[in-house]
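Chains, contacts and geometry: an overview
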Amino acid sequence: ASVIEAIRHLNDAGLRVMFYPFVLMTQQAGNGLSDPWGAAEQPALPWRGRITGSVAPGRDGTVDGTSAADAEVAAFFGAAAPGDFVTTGERIDYVGPAEWSYRRFVLHYAHLFKLAGGQGAFCIGSELRGLTQLRGAGGTFPAVAALRALAADVRQILGPDVRIGYAADWSEYFGYRPPDGSGDVLFNLDPLWADAEIDFIGIDNYMPLSDWREGFEHLDAGWGSIHDLEYLKSNIEGGEGYDWYYATEDARQRQVRTPIRDEAYGEDWVFRYKDIRNWWQNPHHERIGGVRSPSPTAWVPGSKPIWFTEIGCPAVDKGTNAPNRFLDLRSSESGLPPFSTGRRDDLIQAQYLRAVMDYWSDAAVNPVSAVYGGPMVDTSRIFVWAWDARPHPAFPALSDTWSDGQNYYRGHWLNGRTGAVPLSATVAEICRQAGVQAVDTSGLHGLVRGYRIERAESARASLQPLVLAYGFEAVERDGTLVFKPRDRTAAVVVTPDGLAVDTDGTAGVTRTRAASAETTGRLRVSHVEADGDYRTRVAEALSVTGDTEAVSESELPLALTDSEARAVAERWLADARIARDTVTLALPPSATEVEPGALIAFDDAPERLYRVERMEDAGLRRVEASRVEPATIEPRDSGEDAIVMRPFAPPVPVLPVFLDLPLIIGDEVPHAPHLAVAARPWPGSVAVWDSATDADYKANVRVGQPARIGITGSVMPPGRPGVWQRGPRLLVRLNGTLSAADEAAVLAGANIAAIGDGSPENWELFQFTGATLVADGLWELSGFLRGQAGTEGAAADGWPKGSTFVLLDGAPVQIALAPTARGLQRHYRIGPANRGYDDPSFVHRVEAFRGIGLRPYAPCHLRLSRLPGGDLAFSWIRRTRIDGDGWDAPDVPLGEETEAYQLRLERDGTLLREVIVTTPNWTYDTGLQLADGAAGAMSLSVAQISARFGPGPATRISFDV
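Each chain carries its own residue numbering, running from 1 in the written order of its sequence. Reporting in this predicted model follows two pLDDT cut-offs: at least 70 for local features of residues, and 80 or more for side-chain atom pairs to be given and counted; totals over whole chains, interfaces and linings ignore these cut-offs and use all residues. Hydrogens and water molecules were not included; the side-chain quantities draw on all heavy atoms of the structure.

1. With respect to the overall build of the chain
Helix and strand assignments follow DSSP, with helices taken as H or I runs no shorter than four residues and strands as E runs no shorter than two, numbered in order from the N terminus. Within the chain, the regular secondary structure consists of 19 helices and 47 strands. What the globule rule says is 2.2 Å times the number of residues to the power 0.38, and the radius of gyration is computed from C-alpha atoms. On C-alpha atoms alone, the chain measures out to a radius of gyration of 42 Å, which is more than a quarter above the 30 Å that the 2.2 N^0.38 rule sets for 961 residues. The C-alpha extent of the chain, read off along each of the three principal axes, is 145 × 100 × 50 Å. Contact criterion: two residues are considered in contact whenever any of their non-hydrogen atoms come within 4.5 Å of each other. In the chain, of all internal contacts separated by at least 6 residues, the share reaching a separation of at least 24 is 65%. Here the open area of atoms and residues is found with the Shrake-Rupley method and a 1.4 Å probe, where only the protein chains shown may cover a residue. Accessible surface, the chain: about 44,500 Å² in total, of which carbon and sulfur atoms supply 52%. Positive residues here are Lys and Arg, negative ones are Asp and Glu, while His and the chain termini are left out of the count. By convention, the charge on Lys lies at NZ, on Arg at CZ, on Asp at CG and on Glu at CD. Both charge centroids of the chain, one from 91 positive and one from 125 negative side chains, sit 3 Å from each other.

Printed below as a string of structure tokens:
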């Protein structure tokens with residue numbers, strides 16, 4: 001089902017799909033199986049191209065060239081037929097012969113491909129070189145005949161619209177030259193390539209594009225760098241496998257190259273595996289015993305397009321020397337390219353791909369077929385190995401999940417690498433945006449994984465971090481600004497006879513060394529972490545001499561891997577120490593080979609090199625140079641540190657709780673509500689969006705940490721404010737921890753929480769001293785101060801089991817709310833901050849808030865005094881919601897614009913009189929009593945009035961008249 005889903009998804013995306021059945025060899029070390037190639041047992045996880053007969057060609061007792069080979073190939077392919085598969089819905093059942101054969105394998109996938117609505121192309125196999133070169137009786141190639149029959153059966157299943165082919169190894173596609181000294185030249189795959197059911201020539205093209213060595217003495221050193229694009233292109237139809245070959249491993253070590261020549265018939269291309277063009281456009285004449293057959297094979301020149309069914313290069317030093325090599329210690333095929341240091345090198349992989357794609361996209365080298373009217377190499381059908389379905393950077397970081405993560409760093413994977421930009425393109429773009437058009441960046445080699453440029457800075461400032469990190473320089477040549485890497489070639493040797501006499505009459509060389517106290521002993525470079533969460537990381541380099549404790553810190557606005565950042569730090573530190581040695585000298589105008597950035601040396605110490613840092617032409621050439629060590633320029637590899645990623649937080653809905661609370665500290669926005677959010681797992685941060693309608697949302701606030709929200713597991717009885725409540729305890733179930741606090745800490749503001757029914761307005765604030773974990777996630781709270789911050793009215797009624805608990809520890813935040821929006825309904829969407837507010841994980845709420853922070857407290861100490869003559873005198877004490885904890889002033893601050901109280905006189909629930917007074921007292925004289933008909937049981941409630949909020953909670957007193 002997953003295969004079908006994947007194919008449909010790719011088809012729906014409009015991608016070119018080539019289905020590529022892959023034979024994976026899974027035998028492990030210690031398998032004890034007989035090895036046809038002569039080893040003690042079959043190697044671990046070998047290449048499928050090693051599949052052959054029971055005894056391989058070239059060994060004593062081989063089945064090659066016998067009827068036994070025909071029988072063994074027939075057994076490998078089997079007898080499964082297209083009609084042996086029954087499709088029911090999305091289920092495919094096999095009803096054919098009881099065999100686990102190659103035909104059953106491929107035909108099953110063909111049915112899957114058809115069931116998924118497969119469009120595009122289907123390969124009947126890949127890289128079966130050991131089978132396709134195995135000869136049967138009479139010199140036939142039974143595996144080639146079996147592949148032809150398989151192609152016909154696949155066509156029967158998939159129909160005429162699907163393009164069918166075979167993906168041959170690059171060492172297999174062009175023919176077979178038996179290593180038996182016979183001189184035979186056999187085009188063993190030509191019957192397959194010429195078959196009417198085969199639509200394309202598939203080549204898994206891992207041909208070498210370089211022959212690079214360390215140092216500057218090897219034969220290709222004149223190109224300057226293995227990363228030179230033109231160098232790599234020159235080896236696509238040139239170099240090893242085209243112009244020459246190495247006859248032995250010793251010849252490779254010594255670079256003894258043997259030219260590829262066909263002295264007998266002048267068909268050099270017959271022996272060149274890289275000569276795709278001549279193989280494609282010429283008839284093929286086999287040779288038996290070295291004698292060319294007068295009749296060609298069935299191949300029709302230029303009759304079918306060539307698809308590179310695989311190309312790729314490992315991201316490792318000198319990867320282009322052998323793009324087919326890979327590192328996987330579990331496999332017997334594991335190994336580095338020849339002469340590789342094993343250092344990670346993403347750039348060589350990128351340059352390889354650029355070279356191949358750029359070269360074959362050039363119509364001048366890619367001829368058009370007179371048969372089908374298309375190019376020889378179909379560049380729209382070049383498939384790069386490998387894009388992994390596992391998401392980067394989770395792969396390779398999650399080593400506990402995937403055991404092959406370490407293979408990524410020097411492997412063929414494209415994940416996480418395709419977004420890198422060539423250094424040359426980055427520098428050229430900075431110059432272009434600065435209006436500098438005459439630039440040459442062709443000599444720069446590097447990859448920029450990410451680079452932050454401040455908008456207001458100059459081009460020079462933008463280039464400086466790149467210059468420092470990648471070690472290049474700029475020189476002006478004939479009106480063009482040329483960027484080039486620090487010179488790694490031979491130095492210009494300066495002799496005493498080559499010096500000029502300066503204008504002050506001095507001659508010779510002045511050498512200077514800075515004091516060691518001025519040098520740095522430890523260097524720290526901060527950067528953005530590549531291959532991970534893009535967090536800020538610090539790479540450190542320490543002087544091995546330890547002769548100074550000076551520490552220098554620098555910041556690079558670049559995304560770098562750990563090894564790259566360490567290499568930069570080590571290079572800077574080494575350069576700084578070596579560059580303590582400087583020289584000044586004067587040269588005649590004729591010394592044109594000396595220019596800024598060039599290396600110079602002196603005949604008395606040619607091993608000591610200096611880089612020209614500054615030159616001044618004034619009749620003669622004044623030169624200032626600093627000492628360098630070329631070894632510090634060379635990239636290093638200290639290995640990749642394990643990447644530790646933050647756990648993935650799936651986009652699950654969060655639990656938002658709005659709390660319209662009184663002022664607690666006093667510096668809150670009084671009319672704005674708080675929002676507490678909990679989620680399991682926590683998504684990192686939570687975004688709040690709001691709008692007057694359910695559209696056109698604007699970002700409101702982000703919640704950075706989860707709140708501790710719980711549900712009470714017991715009743716909280718009514719409580720009196722202002723006294724310690726040491727009675728019944730409260731059970732709270734929540735995801736998180738609570739802690740106890742002593743009474744002094746609680747009185748200073750610790751352990752404050754809200755309990756309520758979950759609605760925005762109805763909350764009591766209380767504090768607690770005791771917190772004991774009694775079961776998993778269940779806490780027992782004790783030692784309460786109830787009805788805090790003017791919420792004694794809510795405390796008076798108590799709270800049932802199942803009430804909402806929120807710890808007010810700073811995690812709940814105030815949302816933004818305009819004063820004019822108070823009391824009006826607004827729409828809120830709350831969810832993971834890394835997703836849009838229309839994501840299904842967002843919670844939608846519609847709420848209105850009164851602004852309880854503006855609400856006055858209820859007056860206290862409401863008293864009645866009966867005066868002579870029957871008048872009733874009421875008095876009370878005002879409370880304040882602002883700065884009421886001080887003891888120095890004679891009274892608490894007013895907290896409102898004016899002092900005013902609302903009095904309501906009732907009898908049996910009927911309002912008899914409502915009065916507003918501006919002092920904390922009121923007399924109900926006998927005249928008013930007579931007018932109201934006051935008699936019997938009555939009550940008076942007093943509430944302070946806020947100009948913005950209105951009356952707050954009331955204090956009530958009952959009395960008889």
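2. Topic: the sheet that holds strand β11 (residues 306–311)
Two strands make a pair as long as DSSP finds a minimum of two bridges between them. On the basis of which strands lie adjacent, the open sheet formed by six strands has the order β1-β4-β5-β6-β11-β12 and parallel pairing. One side of each edge strand has no neighbouring strand; the edge strands of this open sheet are β1 (18–19) and β12 (377–384). Where strand β5 (residues 163–169) and strand β6 (residues 200–205) come together, five bridges link them in parallel fashion. Across the sheet, residue glycine 165 finds its bridge partner in β6, namely phenylalanine 200. Axis definition: a line fit to C-alpha positions, over the contact stretch in the case of helices; interaxial angles, taken between N-to-C directions, run 0 to 180 degrees. Docked against the sheet, helix α5 (residues 142–158) engages β4 (121–126) and β5, running at close to 155° with respect to β4. Sheet strands touched by helix α10 (residues 346–360): β6, β11 and β12. Its angle to β12, the strand with the most contacts, is close to 165°.

3. Points about the packing of helix α14 (residues 459–470) against helix α15 (residues 562–578)
Relative orientation of the contacting elements α14 and α15 amounts to 85°, with a least axis distance of 9 Å. It follows that α14 is roughly perpendicular to α15 by the angle criterion. Residues Leu468, Ala469 and Tyr470 of α14 form the contact with α15, whose own contacting residues are Val568, Arg571 and Trp572. Here the nonpolar group is Ala, Val, Leu, Ile, Met, Phe, Trp, Tyr, Cys and Pro; Asp, Glu, Lys and Arg are the charged ones; every other residue, Gly included, is treated as polar. Residue composition of the contact of α14 with α15, by class: five nonpolar, no polar and one charged. Any angle that falls under 35 degrees is termed roughly parallel, while one over 145 is termed roughly antiparallel, one within 65 to 115 roughly perpendicular, and all others oblique.

4. Points about the sheet that holds strand β30 (residues 698–703)
Sheet architecture is open: four strands sit in the order β30-β29-β39-β40, paired in antiparallel fashion. The open sheet has two free edges, formed respectively by β30 and β40 (843–847), since each of these has just one partner strand. When the angles between neighbouring strand axes are averaged without regard to direction, this sheet yields 25°. As defined by bridge partners, strand β39 (residues 826–832) adjoins β40 across five bridges and the pair is classed as antiparallel. Residue pairing in the sheet places arginine 826 in a bridge with glutamate 847 of β40.

5. Quick word on the nonpolar core
The tendency in soluble globular proteins is for nonpolar side chains to be buried as a group. If you look at the biggest cluster of nonpolar residues, it comprises 86 residues, and the most contacted ones within it are Ile124, Val154, Trp193 and Trp279. Here this core takes nine residues from α5, the largest share from any one element. Residues belong to a common nonpolar core when they are buried Ala, Val, Leu, Ile, Met, Phe, Trp, Tyr or Cys residues joined through side-chain atoms within 4.5 Å. Think of it in three bands: with a 1.4 Å probe and only protein chains considered, a residue is buried below 20% of the maximum accessible area for its type, exposed above 50%, and partly exposed in between. Listed in part, the 24 residues of the second largest apolar core include Phe483, Ala541, Val568 and Leu573.

6. Side note on helix α13 (residues 423–433)
Every buried residue of α13 is accounted for by Leu423, Ser424, Thr426, Val427, Ile430 and Cys431. Buried residues along α13 cover an arc of 165° about the axis, so they all sit on one side. Residues of α13 that are buried sit in contact with β13 (421–422), β14 (439–440), β15 (447–448), α14, β16 (472–477) and β17 (480–485). Remark: glycine 435 follows α13 within two positions and exhibits a positive phi of approximately 85°. To obtain the arc, one takes the directions from the helix axis to the C-beta atoms.

7. Description of the pattern of salt bridges
We define a salt bridge as a side-chain nitrogen of Lys or Arg found within 4 Å of a carboxyl oxygen belonging to Asp or Glu. Enumeration over the complete set of coordinates arrives at 66 salt bridges. The salt bridge partner of arginine 524 is glutamate 540, with a shortest N-O separation of 2.7 Å. With arginine 524 in strand β20 (residues 522–529) and glutamate 540 in strand β21 (residues 536–542), this residue pair connects regions lying 16 residues apart in the sequence. Salt-bridge contacts for arginine 729 lead to glutamate 780; the nearest nitrogen and oxygen are separated by 3.3 Å. Placement of arginine 729 in the loop between β32 (724–725) and β33 (730–734) and of glutamate 780 in strand β36 (residues 778–788) is noted, with a sequence separation of 51 residues between them. Using a relative accessible area of 47% as the deciding quantity, one classes arginine 729 as partly exposed. The network of salt bridges with shared partners includes Arg344, Asp346, Arg417, Arg449, Asp531 and Glu564.

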